[in-house]
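# What the coordinates show
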There are 2 protein chains.
Amino acid sequence: MNKKLNFSDWLLFDGAMGTMLQNHGIKFGELPESYNILYPELIEKIHKEYIDAGCDIITTNTFGANSYKLKNYSYSVKEIITSAVRLARKAAKDRFVALDIGPIGQLMQPYGTLTFQEAYDIFAEQVKIGFTEGADVILIETMSDIYEAKAAILAAKENSPLPVFCTMTLQNDGRTLTGTDPLTMVTVLQGLGVDALGINCSLGPKEIIPQLNDILLYSKVPIMVQPNAGLPEIKDSTTIYNVTPYEFASDIKSIAELGATILGGCCGTTPEFISEVRKALDSIRPVSRHVKKITAAASGVKTEIIGEGITIIGERINPTGKKKIKDALKSGNINYLALEAIQQKDAGANIIDINAGIPEIDEEEMMVKITKEIQSLIQLPLQIDSMQPKVIEAAVRIYNGKPIINSVNGKKESMDAIFPIAKKYGALVIGLTLDEKGIPFKAEDRLDVAKKIVDCGESYGIAREDIIIDTLALTASAQQDAVKETIKAIGLIKEELGVKTTLGVSNVSYGLPRRELLNSTFLAMALTAGLDAPIIDPLDEGIKNTISSFNVLWSYDVKAEAYIKSLNDKPTPSWNLDNNIEKSL
Amino acid sequence: MNKKLNFSDWLLFDGAMGTMLQNHGIKFGELPESYNILYPELIEKIHKEYIDAGCDIITTNTFGANSYKLKNYSYSVKEIITSAVRLARKAAKDRFVALDIGPIGQLMQPYGTLTFQEAYDIFAEQVKIGFTEGADVILIETMSDIYEAKAAILAAKENSPLPVFCTMTLQNDGRTLTGTDPLTMVTVLQGLGVDALGINCSLGPKEIIPQLNDILLYSKVPIMVQPNAGLPEIKDSTTIYNVTPYEFASDIKSIAELGATILGGCCGTTPEFISEVRKALDSIRPVSRHVKKITAAASGVKTEIIGEGITIIGERINPTGKKKIKDALKSGNINYLALEAIQQKDAGANIIDINAGIPEIDEEEMMVKITKEIQSLIQLPLQIDSMQPKVIEAAVRIYNGKPIINSVNGKKESMDAIFPIAKKYGALVIGLTLDEKGIPFKAEDRLDVAKKIVDCGESYGIAREDIIIDTLALTASAQQDAVKETIKAIGLIKEELGVKTTLGVSNVSYGLPRRELLNSTFLAMALTAGLDAPIIDPLDEGIKNTISSFNVLWSYDVKAEAYIKSLNDKPTPSWNLDNNIEKSL
Ligand SMILES: [Zn+2]
Ligand SMILES: [Zn+2]
Ligand SMILES: [Zn+2]
């Protein structure tokens, strides 16, 4: 195929392969993918029926064609995928062929037994064969585990130049089996550089519509939707779907009118359905969506949007000046570090920074270990903090979600090392306002460094909303006049560059007595100037108090409910919205 | 005289009258002013000699012509001033005549026995006669007590339409006898609306030059300088002055080149001196000064510039919600209130707010009493805080210095009542951002009210730097979303209007638990937004901590010296400027 995919028009996929095979008498326990070899004419015929129904792209019969699922069969992955792609290719003519990749069939660690690398290798094998045989698109679909989807996407992108589409499947609670919500799905998948993303299977088109809200709002890439032909019902021990082709097409039209552009059918759909959808789509034009750009980090199950309220980044897992952390790193006491993560989460942290940088250990190995361990214990997004690009890459590669990289700076060497990693793994990245000339004294000059970082990031394909600028708190004891420049730089950089900001707060008080006093005042100042994500010790009382009171005063804590609760104190009797308006001045 | 004074050119006064009378044989104990009646030809001749020497304006021989000094003489004030003005008028021809008014000769309360009203009455008598007889200018000179000068200026302005010039005389320490420094002199005198101000007597021209720095920098009105003919020396029990007319003129030329435009001589100068000065001035043109505009309140001895560091306005003397203050006001326990003032001063207050507003008492009488009492005990400027214009006027009238009026607001009625008082007495005035429509919710709308206040103030002749805007802290419990508007309004108003800002901080936490937490965070936020003069309880620990740490972080407390001292704590060993620069990041 030399024709290019046209994302500005509809891209209509086919409907179900399994349903068609059932209609043609496939029995329970038969391997659908074996039909590529056993009944190639049937497969080709089904493909042709979908082509005739008007679809733009057909899906190879390779959903379960991975080495894990095939291990007890006599067919190799290579045989099946080779024959499947050739059949589709033959049927497709000038239409496109998508290499279908479904879940492996075994959960990944820590839920199951598969390691990330094993999953990657399984997917990589599929991708290489599919690409060699001439598929136009890699379709990773019906994913329940976003971590598995990440392995598949990386495998697809590292082993072929093909566009990668990824759709996941939701439970009735609106999350995937392993807990990913639609916003997190968008955050992670588009970070990984998919060309389209969306939902397939599980639900009928009507049930999918409300689940599309966040996807429609936040996805910067085209949205793909392949519903089942309604919710499945079991009748005489057979699964049936009750939505008619016309109803299905009418719902797909609604979905298309909301902004999805890549459409098709999943279980229960047949060429009749696709034919009706084609007719429906031919009567309308794709709508342009208004995409909301956000700065968001995510674990596999939780997205933290930075810039909506205060994002607390817990700083405690860092050996600098902390003997106990150093000891834990040296002795490999991961439990101690995990406990620090849990305590910070319980104290209100939204993101946990992890720094394992001591010279005595293999930092890369330790960082990977800690990252995995903490991800298995808490659901917060993590911030990978290291001076070494290779440590960062190792951790963000096996990380489940969209992490934050701490940090890049304005030095060419740093940007050239870090930005490719951030781009590839879809990480947020903290940019420190320093460069070859050091930390500029004036706020305006720090803005210049920040601009250089943002510009360079964009040249690497990183959206500016994926860069968070750290205006760098210098110590008041050594560079007192620079402190206010740090504060001024926050507002300046936000206004001029439209990026979010972070700041390691406690450095400011280094070398002075009663540091907690200076830290909490400095935090209040920085928050007032617009600081989005302070890097702090969430267990510090002064810091806690500043944050809880700031949240009241800046209306983040509506009606001061959290404030009052955290003080474990009853509101005074006069607390009453209506009464107080009168008394207020 | 119908000719108008021309302030854009030199205005040359005459030299000493007393020295001339001594040269003509006046004896110790003789009343110089009696010569107007006893030897009118001599007086007229002296005036004429000065006229011939080239001066533009001559001074009547009325320095001591007040009812206090004349009470043991047989001459009335009326006789002496009438004859003196007539003689000067006759000699002056087309030149100007200044009615000379010296100090009364008795200190005012609390140092001496004179009340403000008595002093006022004494000066008023002189002014009325001088004006009736045709003087062109009221010259209040050789003042040592700025409070007495205030009485004289008010008397001059309320009893004649004539221009008022006021010069004070400094001790060797650069302050007047009662402690007024040159900056405070400028702050208070120009507030009272003098047409020229400066220094006379006491010092020779060389010694006066360094004392002129602040006057040259801050005076918006023309500067008048009349030095003695050098420092006096006693020789054979006679006071003599050693500067020659030529030297004198050369120094006056230097003074003129710095920016003074109204010049003349005091003790020891004669027509020869004036003649040399005339020649010197004829060779140069007045220079234009760059006047630094400041927002400043003052007592008689201390000026607080608002906007250079944090100005702490102590709020404690206010009966609202404070039973002990209420009781003290009811029982007339001024000592209790005075103690509150002293405690606030000791805790670091720069200005003390005084509010005596309870319905049970005569607020005007109480406000005047408290103001006098506190002024006698502490040297800080005061802020007169009342809802009633008559209470405000009574207090600012007898106040020694440049007070702050708390407050005017954007209602027409308020502005029409308060601005004339502020203008007349040269008070700073706090403008609350509320008007007939209440307190606007949005920061932008509060800016509009502030602009209306500033514009209206200017239409009343009040400089914008004499208006301080209060963006009004609403309670977070009742109007949570308005809190951030208060903070935003600070920056907006400062930027758009270029005025200083104040804010009563503690109202924000009304109705919520742990108010001190919210208050100190709110204060840090407001200071970061640019708040200049918080109205706070300076004894509150949280507030104190916020201010001392903010002062470090904003470089107001250089090298954190006050911070470290206030914590009564040694700096950590690492405190060292050079060492810490290395360690700072
Ligand atoms: Zn399905
Ligand atoms: Zn003199
Ligand atoms: Zn004199």
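Bear in mind the structure is a predicted one, so any value in this text is a computation, not a measurement.

The rules we used
Each residue is numbered by its place in its chain's sequence as written, counting from 1. In the order they appear in the text, chains get letters beginning with A and ligands get numbers beginning with 1. Predicted model: local features are reported for residues with pLDDT of at least 70 only, side-chain atom pairs are reported and counted for 80 or more only, and whole-chain, interface and lining totals are derived from all residues. As a convention, hydrogens and water are excluded, and side-chain values are obtained from all of the structure's heavy atoms. Elements are defined by DSSP. Helices are runs of H or I of four residues or more, strands are runs of E of two residues or more, and each kind is numbered from the N terminus. In this setup the radius of gyration rests on C-alpha atoms only. A globule is expected at 2.2 Å times the number of residues raised to 0.38. By definition in these notes, contact holds between two residues if any of their heavy atoms fall within 4.5 Å. Method for areas: the Shrake-Rupley scheme with a 1.4 Å probe, in which residue coverage is limited to the protein chains shown. Residues counted as positive are Lys and Arg, residues counted as negative are Asp and Glu, and His and the chain ends are not counted. Every charge is mapped to an atom, namely NZ of Lys, CZ of Arg, CG of Asp or CD of Glu. Think of a patch as exposed residues, more than 30% relative accessible area, with no salt bridge, where like charges cluster within 9 Å and nonpolar side chains (Val, Leu, Ile, Met, Phe, Trp, Tyr) cluster within 5 Å. We count a salt bridge whenever a side-chain nitrogen from Lys or Arg sits within 4 Å of a carboxyl oxygen from Asp or Glu. In this listing, donors mean N, O and S atoms no farther than 2.8 Å from the metal, or 3.2 Å for Na, K and Ca; water is missing from the atoms, so a site can look incomplete. Site shape is set this way: if four donors have all angles between 85 and 135 degrees, tetrahedral; if opposite donors are over 155 degrees apart and all others between 65 and 115, square planar for four donors and octahedral for six; otherwise irregular. Burial classes: relative accessible area under 20% of the type maximum marks a residue as buried, over 50% as exposed, and values in between as partly exposed (1.4 Å probe, protein chains only). Superposing the copies works by least squares over the C-alpha atoms of residues that have pLDDT at least 70 in both of them. Domains are outlined according to an automatic or database domain assignment. Buried area is a sum: the accessible area each of two parts loses on coming together, probed at 1.4 Å, counted once for each and added. What qualifies as a polar contact is a pair of N or O atoms within 3.5 Å, subject to a donor-acceptor requirement within protein and to the restriction that residues adjacent in sequence count only when both atoms come from side chains. In this classification, Asp, Glu, Lys and Arg are treated as charged, Ala, Val, Leu, Ile, Met, Phe, Trp, Tyr, Cys and Pro as nonpolar, and every other residue, Gly included, as polar. In this analysis an axis means a line fitted to C-alpha atoms, helices contributing only their contacting stretch, and an angle means the value between N-to-C directions, from 0 to 180 degrees. Working definition: roughly parallel below 35 degrees, roughly antiparallel above 145 degrees, roughly perpendicular at 65 to 115 degrees, and oblique for all remaining angles. Note on terminology: a nonpolar core comprises buried Ala, Val, Leu, Ile, Met, Phe, Trp, Tyr and Cys residues joined through side-chain atoms within 4.5 Å. The hand of a helix crossing depends on one turn: near helix anticlockwise from the far one by less than a right angle means left-handed, and clockwise means right-handed. Orient the strands so they point away from the viewer; a crossover is then right-handed if the path from the first strand over the helix to the second runs clockwise. Helix span, as expected, comes to 1.5 Å for every residue beyond the first. A pair of strands is labelled paired if DSSP reports no fewer than 2 bridges between them.

### A short note on the overall build of chain A
A count of helices and strands for chain A gives 22 helices and 20 strands. The C-alpha radius of gyration of chain A comes to 26 Å, within 12% of the 25 Å expected for a compact globule of 585 residues. Principal-axis analysis of the C-alpha atoms gives chain A an extent of 80 × 65 × 40 Å. Relative to all contacts within chain A whose residues are 6 or more apart in sequence, the contacts with residues 24 or more apart total 74%. Entry remark: accessible area of chain A is about 22,600 Å², with carbon and sulfur atoms responsible for 50%. Side-chain charges of chain A comprise 61 positive and 75 negative groups, with the mean position of each set lying 2 Å from the other.

### Digging into a negative patch on the surface
A contiguous patch of negative charge on the surface is contributed by A:Glu495, A:Glu496, B:Glu495 and B:Glu496. Where the negative patch is concerned, the elements lending two or more residues are helix H18 (480-497) of chain A together with helix H18 (480-497) of chain B. One can find B:Glu495 in helix H18.

### Comments concerning the coordination of the zinc ion (ligand 2)
Residues and elements named next belong to chain B. Cys201 (SG), Asn228 (OD1), Cys266 (SG) and Cys267 (SG) make up the full set of protein donors to the zinc ion (ligand 2), lying at 2.1 to 2.6 Å. Around the zinc ion (ligand 2) sit four donor atoms; with metal-centred angles ranging over 92 to 127°, the donor geometry is tetrahedral. Within one chain, the residues donating to the zinc ion (ligand 2) are spaced in sequence as C-x26-N-x37-C-C. A separation of 3.4 Å is found between the zinc ion (ligand 2) and the zinc ion (ligand 3), which share Cys266 as a coordinating residue. Pair noted here: Cys201 is in the loop between strand S6 (196-200) and helix H8 (205-211) and Cys266 is in the loop between strand S10 (262-263) and helix H11 (271-282), with a separation of 65 residues, a long-range link. This pair shows no difference in class: Cys201 is buried, exactly as Cys266 is.

### Considerations on the relation of the copies chain B and chain A
After a rotation of 180° and a shift along the axis of 0.1 Å, chain B superposes on chain A with an RMSD of 0.1 Å. Taken together, these values place the two copies in the relation of a two-fold axis.

### Regarding the domain arrangement of chain A
All names here are of chain A. We note that the domain assignment places domain 1 (11-282) and domain 2 (302-566) within chain A. Across the boundary between the two partners, domain 1 contributes 17 residues, which contact 17 residues of domain 2. Carbon and sulfur atoms make up 50% of the surface buried where domain 1 meets domain 2, a total of about 1,400 Å² over both sides. Counting the contacts that link domain 1 with domain 2 gives three salt bridges. Ionic pairing is found between Arg397 and Glu158, a salt bridge with its closest N-O pair at 2.8 Å. On inspection of domain 1 and its partner domain 2, the count reaches nine residue pairs in polar contact (both at pLDDT 80 or more).

### With respect to the interface of chain B and chain A
Contact residues are listed per partner, giving 57 residues for chain B and 56 residues for chain A. Of the roughly 4,800 Å² buried between chain B and chain A on both sides combined, carbon and sulfur atoms contribute 68%. The tally of links from chain B across to chain A stands at zero salt bridges. Linking chain B to chain A there are 16 residue pairs in polar contact (both at pLDDT 80 or more). Contributions of two or more residues to the side of chain B that touches chain A are made by H18, helix H19 (515-529), helix H20 (541-553), helix H21 (561-566) and helix H22 (577-583) of chain B. Of the residues forming the side of chain B that touches chain A, the biggest block, eight residues, is contributed by H19(B). Its residues assigned to classes, the side of chain B that touches chain A shows 31 nonpolar, 17 polar and nine charged.

### So, the packing of helix H15 (residues 389-398) of chain A against helix H16 (residues 412-425) of chain A
Between two packed helices, what matters for the description is the angle formed by their axes and the separation of those axes. Residue and element names in this part refer to chain A. H16 packs onto H15 with a crossing angle of 5° between their chain directions and a minimal axis gap of 10 Å. Classified by the interaxial angle, the pair formed by H15 and H16 is roughly parallel. Mapping the contact onto sequence places Pro389, Ile392, Glu393, Val396 and Arg397 in H15 and Ala417, Ile418, Ile421, Lys424 and Tyr425 in H16. Of the residues in the contact of H15 with H16, the class split is seven nonpolar, no polar and three charged.

### A closer look at the nonpolar core
Core analysis: the biggest nonpolar cluster contains 360 residues, and A:Ile140, A:Leu189, A:Leu263, B:Ile140, B:Leu189 and B:Leu263 have the highest contact counts within it. If we ignore the near neighbours within four places in the chain, the residues touching B:Ile140 are B:Ile101, B:Ala152, B:Ile153, B:Ala156, B:Val164, B:Phe165, B:Cys166 and B:Thr167.

### Overview of the environment of A:Ala395
Residues and elements named next belong to chain A. With respect to the secondary-structure elements, Ala395 resides in helix H15. For the pair Ala395 and Ile405, spaced 10 residues apart in the sequence, the C-alpha separation amounts to 9.6 Å. Leave out the neighbours within four places in its chain, and Ala395 touches Met367, Val368, Thr371 and Ile384.

### Concerning a nonpolar patch on the surface
Residue and element names in this part refer to chain A. Nonpolar side chains collect at one region of the surface, where Ile37, Leu38 and Tyr39 lie side by side and expose about 250 Å² of accessible area between them. Locating Leu38 in the fold gives a position in helix H2 (residues 35-38). Judged by its relative accessible area of 43%, Leu38 falls in the partly exposed class.

### A closer look at unusual backbone geometry
Here the bond from A:Gln109 into A:Pro110 is cis, since omega is 0°, no more than 30 degrees from zero. Mapping A:Pro110 onto the fold places it in the loop between strand S3 (96-101) and helix H5 (116-133). Non-glycine residue B:Lys93 carries a positive phi angle of around 50°. If you trace the backbone, B:Lys93 turns up in the loop between helix H4 (77-92) and strand S3 (96-101). On the basis of relative accessibility, which here comes to 63%, the residue B:Lys93 falls in the exposed class. Positioned with a positive phi, B:Arg514 is a non-glycine residue whose angle comes to about 45°. By the element assignment, B:Arg514 lies in the loop between strand S19 (500-504) and H19. For B:Arg514, a relative accessible area of 35% puts it in the partly exposed group.

### Observations regarding the packing of helix H10 (residues 245-258) of chain A against helix H11 (residues 271-282) of chain A
All names here are of chain A. The N-to-C vectors of H10 and H11 enclose an angle of 40°; their axes lie 8 Å apart at closest approach. The orientation of H10 with respect to H11, classified from their angle, is oblique. Crossing geometry of H10 relative to H11 is assigned as right-handed. Of H11, the residues touching H10 (which contributes Pro245, Tyr246, Phe248, Ala249, Ile252, Lys253 and Ala256) are Glu272, Phe273, Glu276, Val277, Ala280 and Leu281. The residue makeup of the contact of H10 with H11, split by class, is 10 nonpolar, no polar and three charged.

### Describing the pairing of strand S15 (residues 382-385) of chain B
The alternating pattern of S15(B) places B:Leu382 and B:Ile384 and B:Gln383 and B:Asp385 on opposite faces, both of which are buried. Once you follow S15(B) into helix H15 (residues 389-398) of chain B and on to strand S16 (residues 404-409) of chain B, the crossover reads as right-handed.

### With respect to the environment of B:Leu258
Residues and elements named next belong to chain B. Mapped onto the fold, Leu258 is located in helix H10 (residues 245-258). In sequence terms Leu258 and Leu216 are 42 residues apart; their C-alpha atoms lie 7.5 Å from each other. Once you skip the residues sitting within four places of it in the chain, Leu258 turns out to touch Ile209, Leu216, Val287 and Arg289.

### Observations regarding helix H17 (residues 443-459) of chain A
Residue and element names in this part refer to chain A. With 17 residues, H17 extends 24 Å from end C-alpha to end C-alpha; this agrees with the ideal 24 Å at 1.5 Å per step. Those residues of H17 that sit buried are Ala443, Arg446, Leu447, Val449, Ala450, Ile453, Val454, Cys456 and Gly457. The inward-facing, buried residues of H17 contact strand S16 (404-409), H16, strand S17 (428-432), strand S18 (467-470) and H18. Once H17 ends, the next one or two residues include Gly461, with phi positive near 85°.

### Regarding the pattern of salt bridges
Residues and elements named next belong to chain A. Evaluated as defined, the whole model comprises 66 salt bridges over all chains. Residue Asp455 is joined to Lys451 by a salt bridge in which the shortest nitrogen-to-oxygen separation is 2.8 Å. Of this pair, Asp455 and Lys451 both sit in helix H17, four residues apart, which is roughly one turn of that helix. A residue is classified by how much of its surface remains accessible, and Lys451, at 40% relative accessible area, is partly exposed. Each of Glu44, Lys48 and Lys90 takes part in a single network of salt bridges with overlapping partners.

### A word on the sheet that holds strand S13 (residues 313-317) of chain B
All names here are of chain B. Reading around the barrel, the eight strands line up as S13-S14-S15-S16-S17-S18-S19-S20 and close back on themselves, with parallel pairing between neighbours. The mean inter-strand angle of the sheet, taken between neighbouring strand axes irrespective of direction, is 30°. Where S13 lies against strand S20 (residues 533-536), two bridges are found, and the strand directions are parallel. The residue of S20 that forms the bridge with Gly314 is Ile536.

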